Amino acid sequence: MRKLVEKVLYRLPEAIAARLFETVRRVPSVQASIEKEMEEMMAGMRQSVKPYKGRVPEFPKMPGQGMDIDEIIGIMEDLQEKESEKWKHGYVSGAVYHGDDEHMDFLNRVYAIHSQSNPLHSDIWPSAAKYEAEIVSMTANMLGSGLTEDEICGVVSSGGTESILLAMKTYRDRAGKEKNIRSPEIVVPVTAHAAFDKAARYFGMKIVHVPVKEDFAADPEAMEKAINRNTVAMVGSAPSFPHGIIDPIEELSEIARKKGIGFHTDACLGGFVLPWAEKLGRDIPAFDFRLPGVTSMSADTHKYGYAAKGTSVILYRGRQLRRYQYFTITDWPGGLYFSPTFAGSRPGALSAQCWAAMVKMGEDGYMEATRRILETAEEIRKGITETDGLYIMGAPLWVIAFASDTLNIYQVMEQMAKRGWSLNGLHRPACVHIAITLRHTSPGVAERFVSDLRDAVSHVKQYPEEQGDMAPVYGMAATIPFRGLVGDMLERYIDLLYSVD
Ligand SMILES: *Cc1c(COP(=O)(O)O)cnc(C)c1O
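Residues numbered from 1 in each chain as written. Predicted model: local features only at pLDDT ≥ 70, side-chain atom pairs only at ≥ 80, totals over all residues. Heavy atoms only, no water.

### Brief notes about a nonpolar patch on the surface
Condition: A patch is a set of surface residues, each over 30% in relative accessible area and not in a salt bridge, joined within 9 Å for like charges and within 5 Å for the nonpolar side chains Val, Leu, Ile, Met, Phe, Trp and Tyr. Accessible surface area values rest on a Shrake-Rupley calculation with a 1.4 Å probe, where residue burial reflects the displayed protein chains alone. Salt bridge, as applied in this entry: a Lys or Arg side-chain nitrogen positioned within 4 Å of an Asp or Glu carboxyl oxygen. Strands are runs of DSSP state E lasting at least 2 residues, helices are runs of H or I lasting at least 4, and numbering of each runs from the N terminus.
A cluster of nonpolar side chains, contributed by Y493, I494, L497 and Y498, occupies part of the molecular surface with about 460 Å² of accessible area. Tracing the backbone through its elements, the reader meets L497 in helix α17 (residues 480–497).

Printed below as a string of structure tokens:
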């Protein structure tokens, strides 16, 4: 297998190599050999994916007799304690955005009060509708100051991905109805979140990925060129997940407005940071509904809104547009049925705790949190810049991606992992990022990051031949012929997550 790769495939033009490889891999003996290598790889990962195997009671089948509740709680508290060690002490990029004990205890109490609530039954739980209406209204107010409920409206979803899927479905359906577009397309910068690709695959749309400029911001000219008669929406991020760069939303949204298509600002990361950064006097380019071309926005309450996982807000310019998102059915034997999002029954308790988080934080709370995050990010950016061999991608604020021209950056990431850090590996181009959260703002965390990074870099300089686990996989994903193979591997990995043996 490897010999074939090195001798032949790497020397051919990529497109030809891809086709050749697809043919070759269908040969039974090759297929068997690939299968075997993948199985071995998964077996190697089993240990780290299933660390509790054989150490904690397991239930591949239900217990015949129900288990004692104290015992259940005991097991779960044990697991939870092990798993909070890292994020609590600020060793993790993103993931837990607030995480102070007092804040979490408060949200848990709120969840417990509402654990049976289901917004699908708004007659039984009108409180759920109240909470959701106010979450949307507070968010709309933050991202479209001066605009009314008639102008900016929205719904609560289960997360950033659902908000994005909903928006893309909305644009598809609007274009189908109002413009009779049957082969809808969306235009996104390559740095837009994978959720847009997911939307395109789920809803049968074409997605056009447009390269970004040298500073990793979207290229308005190139984006405009990618628009055609079938384009239903264009996308920009504020900021982008990979490099934390704010796209030129003003220019992009104006292009969309002039072409008469939708424009979505993905503010999943920035929605609850940028408005406060602006109030703190930072130079933040316009990105929200104050720009007339912006017709929808996603903002994640379960990230920098500091709610527990499971909520996000999708906002639209005008109720007419929002209605394309809704589902209603009037001839189902189950009765008149409607739902605003993809789910039917929904956890009302999550909306309740989201509402409570926002009301507890208030403007002053978000402002102070943002101030702390931006200051910590400044310290970390300085530390990276001053580390010989590393550079920062573009000019980010608090989601900071860095790379190297001389070192294997995935090796630096693995050396950071050896020192306890869980950072995000990115590719095309190869880099690593850290999303600064309130967890990193505790005294000493930024210093520890910087000194560990120095150590990690000097280790990699000393042992440049070390390969690690991730570098070869990313290397393979970077070549067209083997991208499919890496995709297959990711599927096996999901299989592994769901396996009990
Ligand atoms: C996190 C994120 C998303 C997706 O959100 P999920 O809550 O993980 O589904 C989308 N866009 C951006 C910019 C994000 O950071």
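Here the narrative resumes.
### So, the site of the ligand
Which entries qualify depends on this criterion: One heavy atom suffices: a residue is near a molecule or strand as soon as one of its heavy atoms comes within 4 Å of it. Here a polar contact is taken to be a pair of N or O atoms separated by no more than 3.5 Å, where protein atoms must pair a possible hydrogen donor with a possible acceptor and residues adjacent in sequence count only if both atoms sit in side chains. Only Asp, Glu, Lys and Arg are considered charged in this grouping, and only Ala, Val, Leu, Ile, Met, Phe, Trp, Tyr, Cys and Pro are considered nonpolar; every other residue, Gly among them, is considered polar.
Taken together, 13 residues form the shell around the ligand, and within it T161, D266, L269, H302 and K303 come nearest. A distance of 2.9 Å separates an oxygen atom of the ligand from a polar atom in the backbone of G160. One of the side-chain N or O atoms of K303 is found 2.8 Å from an oxygen atom in the ligand. Here the ligand loses 85% of its free accessible area of 380 Å² to cover by the protein chains. At three residues, helix α7 (residues 160–179) tops the list of elements feeding residues into the shell around the ligand. Partitioning the shell around the ligand into residue classes produces five nonpolar, five polar and three charged.

### Notes on the pattern of salt bridges
Rule in force here: Working definition: with a 1.4 Å probe on protein chains only, accessible area under 20% of the residue-type maximum means buried, over 50% means exposed, and in between means partly exposed.
Within this structure, the stated rule accounts for 22 salt bridges. Among the salt bridges present, the one from D300 reaches K303, with a minimum N-O distance of 3.4 Å. The buried category is assigned to K303, whose relative accessible area is 16%. A salt bridge links E375 to R371; the shortest N-O distance between them is 3.0 Å. On the criterion of helical spacing, the pair formed by E375 and R371 is a turn pair, its members being four residues apart in helix α13 (residues 348–385). One continuous salt-bridge network, built from bridges that share partners, spans E22, R25 and D488.

### Focus on the packing of helix α3 (residues 28–49) against α17
To keep it simple, the criterion reads: Note on geometry: axes are C-alpha line fits, over the in-contact stretch for helices, and angles between N-to-C directions span 0 to 180 degrees. Geometric relationships in this document are graded by angle, where less than 35 degrees denotes roughly parallel, more than 145 denotes roughly antiparallel, 65 to 115 denotes roughly perpendicular, and other angles denote oblique. Helix crossings fall into two classes, left-handed where the near helix is turned counterclockwise from the far one by less than a right angle and right-handed where it is turned clockwise. We call two residues contacting when some pair of their heavy atoms lies within 4.5 Å.
For the pair α3 and α17, interaxial distance at closest approach is 10 Å and the crossing angle is 45°. Taken together, the axis directions place α3 and α17 in an arrangement best described as oblique. Along this stretch, α3 crosses α17, giving a crossing that reads as right-handed. Residues I34, E35, M38, M41, M42, M45, R46 and V49 of α3 touch α17, and the partners they reach there are L485, D488, M489, R492, Y493, L496 and L497.

### A closer look at helix α6 (residues 126–143)
We count it as follows: The span one expects for a helix is its residue count, reduced by one, times 1.5 Å. Arc, as used here, means the arc of the directions from the helix axis to the C-beta atoms.
Taking 1.5 Å as the rise per residue, α6 with 18 residues should run 26 Å; its terminal C-alpha atoms sit 26 Å apart, in good agreement. Among all positions in α6, only A128, Y131, E132, I135, V136, T139, A140, M142 and L143 are buried. Taken around the axis of α6, the buried residues stretch over an arc of 165°, which confines them to a single face.

### Points about the pairing of strand β13 (residues 431–435)
The side chains of a regular strand alternate, first on one face of the sheet and then on the other. We apply this condition: Here, a strand pair is defined by DSSP locating no fewer than two bridges between the strands.
Of all the five residues making up β13, five are buried; the element is thus mostly covered by neighbouring parts of the structure. Alternating residues of β13 divide into C431, H433 and A435 and V432 and I434, and every residue in both groups is buried. One ladder, built from four bridges, connects strand β11 (residues 399–403) with β13; its direction is antiparallel. Each bridged residue has a counterpart across the sheet, and for F402 the counterpart in β13 is V432. When strand β12 (residues 424–426) meets β13, the two strands line up antiparallel, connected through three bridges. Paired with G425 across the strands is V432, a residue of β13. With antiparallel pairing between neighbouring strands as the criterion, β12 and β13 make up a hairpin whose turn holds four residues, including R428 at a positive phi of roughly 55°.

### Some thoughts on the sheet that holds β12
Pairing is antiparallel across the open sheet formed by four strands, whose spatial order is β10-β11-β13-β12. The sheet is open, and its two edges are formed by β10 (391–392) and β12, each paired on a single side. As judged from the two bridges shared by β10 and β11, these two strands associate in the antiparallel manner. Residue pairing in the sheet places Y391 in a bridge with A403 of β11. Its contacts with the sheet put α13 on β10, β11 and β13, and the angle it makes with β11 is roughly 5°.

### Re the domain arrangement of the protein
This is how it is decided: Domain segmentation is taken from an automatic or database assignment of domains.
Structurally, the protein comprises domain 1 (2–49 + 478–497) and domain 2 (112–358). Taking only C-alpha atoms into account, the centre of domain 1 sits 36 Å from that of domain 2.

### With respect to the pairing of strand β6 (residues 296–299)
We count it as follows: The handedness of a crossover follows from its direction of travel: if, with the strands pointing away from the viewer, the path from the first strand over the helix to the second runs clockwise, the crossover is right-handed.
Side chains S296 and S298 of β6 all project onto a buried face; the interleaved residues M297 and A299 project onto the opposite face, where all are buried too. As paired elements, strand β5 (residues 262–266) and β6 share three bridges and run parallel to each other. Within β6, the residue paired with D266 across the bridge is S298. Once the chain exits β5 it traverses helix α11 (residues 274–279) before rejoining the sheet at β6, and the crossover so formed is right-handed. Alignment of β6 against strand β7 (residues 312–317), held across four bridges, turns out to be antiparallel. Among the inter-strand pairings, M297 is bridged to a residue of β7, identified as L315.

### Quick look at the packing of aromatic side chains
Going by this rule: What counts as a ring pair is set by centres within 6.5 Å for rings of Phe, Tyr and Trp (its six-membered ring), and what kind of pair is set by the plane angle: stacked under 30 degrees, edge-to-face over 60, tilted for all other angles.
The tally for this structure, following the rule as stated, stands at 13 aromatic pairs. Ring geometry for W276 versus Y366: centroids 6.0 Å apart, planes at 10°, classification stacked. Here W276 is found in helix α11, whereas its partner Y366 is found in helix α13, with 90 residues between them in sequence. Among the residues examined, W276 registers a relative accessible area of 5% and is labelled buried. Take Y366: its relative accessible area is 4%, and that puts it in the buried class.

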